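# What the coordinates show
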Amino acid sequence: KRAGGARHAVFDPAMKVRATYRGLVETELRQALDRGELFVVYQPIVWLGDHDGAGVGVEALVRWQHPLRGMVPPPAFIEIAEQTGLIGALGGFVLETACRQFMAWRQTLGPLAPQGLSVNLSRAQLCEPHLVVQVQRTLEGSGMPPGALQLEVTESLAAQDDAVRQRLQALKALGLTLALDDFGTGYSSLSSLHQLPVDLVKIDRSFVSQLETSAHHRALVKATVEVAQSLGMGTVAEGIETPGQARVLQALQCQKGQGYWFGRPMPAAALAEWLAARQG
Ligand code: C2E
Ligand code: CA
Ligand code: CA
Ligand code: CA
C-alpha cells in the first residue's frame, strides 16, 4: 500500500479480495498441516457383479477440520494448495497416511482388509519433479505393495504433454496402476483413450446421476465401458446414489462402483466397521 496508487491501478478490487483470501487460506493451510487438522477419509469401491463381497478397494479423500470454520470441503482448498505450492506437502501427507493405514488394516483386519488403495494426484503434483521419488520413498517406507496402489489423475492432465506422460510412465514403472478420474468431463474422448497410459477409467458422477432418466447418458456409459474393456482397462462408476443406478451399471457390465449407496467416505475406524458389517 505504501508503494502508492500507481501500482494498484492494475488490480481491480475483486482481484485484491481474491488474493487476500488466497493468502489467508494459505497461511491457515500451512498451520493445519502442522497442527494435524488435516485427516484422510476412505470411501469403499465395490465390485458390481457377483464377487461374494470380496475385494473391496478404497479411495483416500482429504478432509480439513478447521477449529473455527468446521469441515472445509476439498474443493475450497485443493486449488489454493496447488497455486501456493502447498500441494506437495498436502499430497505427501495424504499418500503417506493412506499407505500406512492400508498396511495397518492388513495387520488388524486380515482377510477383511481392503485389497486396493486409490489416491488422488492433482495437476500441480504431477508437475513436481520429485513426485516419482516421493511416491517411491513412501512405498518403501510404509511397506505398501506397489500393485495395491492406484493413483487417480484427470483426463485433461493425462492427455497433456510429453513431460507429463513420461512422469506417468515412470510412476507405472514403480509397479502401481493409474486411473483416469472424472472421465467424460474433460476434453479428450473415447477415441483418444487408447493413447493414455491408464489401467482403469472412472466414469464421472454426472453420467451416473442421469442413468435412469436419460437414454443418451446410458448409451454414453455403455460405449465407455465397451471401449475401456476392449482396451483392457477396468471400469469404475462414481457417485452411485441409488440401487437403480447400481443395477443399470451392472447390466452395462461396469466392473466396479463407488458412491453413497454403498458407503460414504469415512474415517479409518468407521471403514473397518463397514467392512465387518458387510461381511455379515
Ligand atoms: P473426486 O476425486 O472425483 O472424488 C469423489 C468425490 O465425490 C468426493 O468428494 C466424494 O466424497 C464424492 N462422492 C462420492 N460418492 C458420492 C455420491 O454418491 N454422491 C455425491 N454427490 N458425491 C459423492 P470430496 O471428498 O469432497 O472431494 C472432491 C474432490 O476434491 C475430489 O473429487 C478430488 O478431485 C479432490 N480431492 C479430494 N481429496 C483429495 C486429495 O487427497 N488429493 C487431491 N489432489 N485431490 C483431492
Ligand atoms: Ca478421485
Ligand atoms: Ca472423480
Ligand atoms: Ca471430481
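None of these values were measured; they are calculated from a predicted model.

Here is what the cut-offs are and how they apply
- Starting from 1, residues in each chain are numbered consecutively following that chain's sequence as written.
- Chain letters start at A and ligand numbers start at 1, both assigned in the order the entries are written.
- Restriction of local features to residues with pLDDT of at least 70 applies here, the model being predicted, together with a cutoff of 80 or more for giving and counting side-chain atom pairs; totals for whole chains, interfaces and linings are based on all residues.
- Heavy atoms from the whole structure form the basis of all side-chain values; hydrogens and water molecules are not counted.
- Each metal's donors are the N, O and S atoms within 2.8 Å of it, or within 3.2 Å when it is Na, K or Ca, and because water is not part of the set, sites may look incomplete.
- Numbering of helices and strands runs from the N terminus; a helix is a DSSP stretch of H or I covering at least four residues, while a strand is a stretch of E covering at least two.
- Working rule for contacts: check all heavy atoms of both residues, and any pair within 4.5 Å makes them a contact.
- The term salt bridge refers to a side-chain nitrogen of Lys or Arg lying within 4 Å of a carboxyl oxygen of Asp or Glu.
- A simple rule labels every residue: compare its accessible area, found with a 1.4 Å probe on the protein chains alone, to the largest value its type can have, and call it buried under 20%, exposed over 50%, or partly exposed in between.

## A short note on the coordination of the calcium ion (ligand 4)
For the calcium ion (ligand 4), the full set of protein donor atoms is Asp-182 (OD) and Asp-182 (OD), at a range of 2.9 to 3.0 Å. If you look at the calcium ion (ligand 4) and the calcium ion (ligand 2), they sit 5.9 Å from each other. Summarising the element assignment, Asp-182 is placed in strand 6 (residues 177-183).

## Section: the side chain of Gln-125
Locating Gln-125 in the fold gives a position in helix 5 (residues 123-127). If near-sequence neighbours (up to four positions away) are discounted, Gln-125 is found in contact with Ile-87, Gly-91, Asn-120 and Leu-131.

## Here's the deal with the pattern of salt bridges
Inspection of every chain in the model, using the stated rule, returns nine salt bridges. Across the pair Glu-28 and Arg-69 runs a salt bridge, and its minimum N-O distance is 2.3 Å. Residue Glu-28 is located in helix 2 (residues 13-35), and its partner Arg-69 is located in the loop between strand 2 (57-66) and strand 3 (70-72); the two are separated by 41 residues in the primary sequence. Overall, the relative accessible area of 43% leaves Arg-69 in the partly exposed class. Across the salt bridge formed by Asp-199 and Lys-172, the nearest N and O atoms sit 3.1 Å from each other. In this pair, Asp-199 is assigned in the loop between strand 6 and strand 7 (200-203) and Lys-172 in helix 8 (residues 162-173), connecting sequence segments 27 residues apart. On the accessibility criterion, Lys-172 (25% relative accessible area) is partly exposed. Where salt bridges share partners, they join Glu-59, Glu-152, Lys-202 and Glu-238 into one cluster.

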